[in-house]
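Listed below, chain by chain, are the residues.
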Amino acid sequence: MTYAFLQHYWWFLVSLLGALLVFLMFVQGANSMIFSLGRTAEERRLLINSTGRKWELTFTTLVTFGGAFFASFPLFYSTSFGGAYWLWMIILFSFVLQAVSYEFQNKLGNLLGAKTFQTFLVINGILGPVLLGGAVATFFTGSNFIIEKGNIVNMAQPVISRWANASNGLDALLDPWNVVFGLAVFFLARVLGGLFIINNVRDEVIESRASVQLVGNSVLFLVLFLTFFIHILLGYGYAYDPETGMASIVEGKYLQNLLDMWYVALVLVVGVVLLLYGIGRTIVSKTWRGGIWPAGIGTVLAVLALLLCAGWNNTCYYPSNEDLQSSLNIMNSCSSEFTLRTMAWVSLLIPFVLAYIAYAWRAIGKPIDKDEIRHGEAY
């Protein structure tokens, strides 16, 4: 295992965690539709208990994604999470609202009322996907930061990365392309959320409403995603010279990446086909409820391919719009070879963790109906 192999290996693992996170945001997507799918208190409680069995997996994956980034590419962590902290704080606060809402909406002594906490779930269902999508979009569009590694010897202020303005990350929302991708992730989460509700909730009225919502959300997702995807393929990308480390702007860089890495392009195509199959068959068939599985697997594969395209093949995965040579890549932002090698051995435990998640999903993933809400434990 060479140092270069370890750098690529850990970018793959971080990308895989990011792809799994996007899939698991079906919880946020379903929660954003609480009031449109559930017209009565009982219907809303049915929806919340359906997603309530899975929300901890999303939150845990988010934390693991951040932890893996910190361990393998600490300069990105200190630059983005440290400099763009307002953006990340809003994201994390919305997930805190989610956790509080699940636990307290029907507790005795709740002075705010169940509907208030359900509104908090809707807020998380909107802000979580949109802001996370906007943050991921900066891997392609860039951010306003400066890296000055020489500051490490400055005893008065040994800070090597700083944001170039006072927005601390909120300026990402001023780039329309970041907003386009954030909205694409939001509508993808709603698509996956609708597919999950159809699969997991046994209520004809809710299933009918979810099917109607699925059509509109799918169209909006495809329009927004294709707009962003075509833009990055035909636009400029950010490359670096592995010998000198110098960054440069290259026209059609991401298209060239897909051409050079045909295996990544193949993963992307397979992912898109599976996603469209899961959506299309669910819309056409009134009895098939398994769309979440091909669509979910397709989402993971497609997002994985996009993130690999952003970091592999000598590409700057976190470009700096303020100072091009401050742009981060897997070579100049990673941990030491010893750290990456040690963590690589630990990463061999990941399949066992995934097996446990699959077991837990199966154990608590049985379909839910109103009888269970009336007579069993419920949020």
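First, a word on scope: everything that follows refers to the structure included in this document. (Residues numbered from 1 in each chain as written. Predicted model: local features only at pLDDT ≥ 70, side-chain atom pairs only at ≥ 80, totals over all residues. Heavy atoms only, no water.)

## Describing the overall build of the protein
Working step 1: When its secondary structure is counted, the protein shows 16 helices and four strands.
Working step 2: The principal-axis extent of the C-alpha atoms belonging to the protein is close to 65 × 45 × 40 Å.
Working step 3: Considering only contacts in the protein between residues 6 or more positions apart, those separated by 24 or more positions represent 78%.
Working step 4: Total accessible area computed for the protein in this model is approximately 17,200 Å², and 69% of it derives from carbon and sulfur atoms.
Working step 5: Taken as two groups, the 21 positive and 21 negative side-chain charges of the protein have centres that lie 12 Å from each other. (Helix = DSSP H or I, 4+ residues; strand = E, 2+ residues; numbered from the N terminus. Contact = heavy atoms within 4.5 Å. Areas by Shrake-Rupley, 256 points an atom, 1.4 Å probe, with all protein chains shown as cover. Lys, Arg positive; Asp, Glu negative; His and termini not counted. Charge placed at Lys NZ, Arg CZ, Asp CG, Glu CD.)

## Comments concerning the pairing of strand 3 (residues 236-240)
Working step 1: Of all five residues making up strand 3, four are buried, and the element is well covered by its neighbours.
Working step 2: Where strand 3 and strand 4 (residues 247-251) come together, five bridges link them in antiparallel fashion. Within strand 4, the residue paired with tyrosine 240 across the bridge is alanine 247.
Working step 3: Counted between consecutive antiparallel strands, the loop separating strand 3 from strand 4 contains six residues, among which glycine 245 sits at a positive phi close to 80°. (Buried < 20%, exposed > 50% of the residue type's maximum accessible area, 1.4 Å probe, protein only. Pairing = 2+ DSSP bridges.)

## With respect to the packing of helix 1 (residues 3-24) against helix 13 (residues 292-311)
Working step 1: Following both chains from N to C, one finds helix 1 and helix 13 inclined at 140°, their axes separated by 8 Å at the closest point. Comparing their axes, helix 13 and helix 1 come out oblique. Taken as a pair, helix 1 and helix 13 cross one another with a handedness that is right-handed. Seen from helix 1, the contacting residues are Trp11, Phe12, Ser15, Leu16, Gly18, Ala19, Leu20, Val22 and Phe23; seen from helix 13, they are Ile292, Gly296, Thr299, Val300, Val303, Leu304, Leu307, Leu308 and Gly311.
Working step 2: Here the contact of helix 1 with helix 13 is composed, by residue class, of 13 nonpolar, five polar and no charged. (Axes fitted to C-alpha atoms, helices over the stretch in contact; angles between N-to-C directions. Parallel < 35°, antiparallel > 145°, perpendicular 65-115°, else oblique. Left-handed = near helix turned anticlockwise from the far one by under 90°. Nonpolar A, V, L, I, M, F, W, Y, C, P; charged D, E, K, R; others polar.)

## Comments concerning unusual backbone geometry
Working step 1: Of note in the backbone geometry, asparagine 313 takes a positive phi value of approximately 60° without being a glycine.
Working step 2: Of note, asparagine 313 is situated in the loop between helix 13 and helix 14 (337-346).
Working step 3: Positive phi values are uncommon outside glycine, yet asparagine 314 reaches one of about 60°.
Working step 4: On the secondary structure map, asparagine 314 appears in the loop between helix 13 and helix 14.

## Focus on the nonpolar core
Working step 1: In this structure, Trp11, Phe69, Phe73, Phe139, Ile197 and Tyr317 are the most contacted members of the largest nonpolar core, which totals 108 residues.
Working step 2: Per element, the largest residue contribution to this core is 14 residues, and it comes from helix 9 (residues 176-200).
Working step 3: Those residues within four positions of phenylalanine 69 in sequence are excluded, and the remaining contacts are Trp11, Val14, Pro74, Phe76, Phe139 and Tyr317. (Core = buried A, V, L, I, M, F, W, Y, C linked by side-chain atoms within 4.5 Å.)

## Topic: the pattern of salt bridges
Working step 1: On inspection of all chains with the given rule, the structure shows four salt bridges.
Working step 2: Glutamate 148 serves as the salt-bridge partner of arginine 162, at 3.8 Å between the closest nitrogen and oxygen. With a gap of 14 residues between them, arginine 162 in strand 2 (residues 161-163) and glutamate 148 in the loop between strand 1 (145-147) and strand 2 connect regions that are remote in the sequence.
Working step 3: The exposure class assigned to arginine 162 is partly exposed, which follows from its relative accessible area of 41%.
Working step 4: What makes glutamate 148 partly exposed here is its relative accessible area of 33%.
Working step 5: Between glutamate 337 and arginine 341 there is a salt bridge; the shortest N-O distance is 2.7 Å. Here glutamate 337 pairs with arginine 341, and both are found in helix 14, just four residues apart, close to one helical turn.
Working step 6: Look at glutamate 337 and you get partly exposed, because its relative accessible area is 33%. (Salt bridge = Lys/Arg side-chain N within 4 Å of Asp/Glu carboxyl O.)

## Some points on a nonpolar patch on the surface
Working step 1: A surface patch of nonpolar side chains, about 850 Å² in accessible area, is lined by Tyr85, Trp86, Met89, Ile90, Leu92, Ile123, Leu127, Leu170, Leu173, Val179 and Leu183.
Working step 2: Elements supplying a minimum of two residues to the nonpolar patch: helix 7 (85-104), helix 8 (114-141) and helix 9.
Working step 3: Residue contributions to the nonpolar patch peak at five residues, all from helix 7.
Working step 4: Following the sequence through the fold, isoleucine 90 ends up in helix 7.
Working step 5: Look at isoleucine 90 and you get partly exposed, because its relative accessible area is 31%. (Patch = residues over 30% accessible without salt bridge, like charges linked within 9 Å, V, L, I, M, F, W, Y side chains within 5 Å.)

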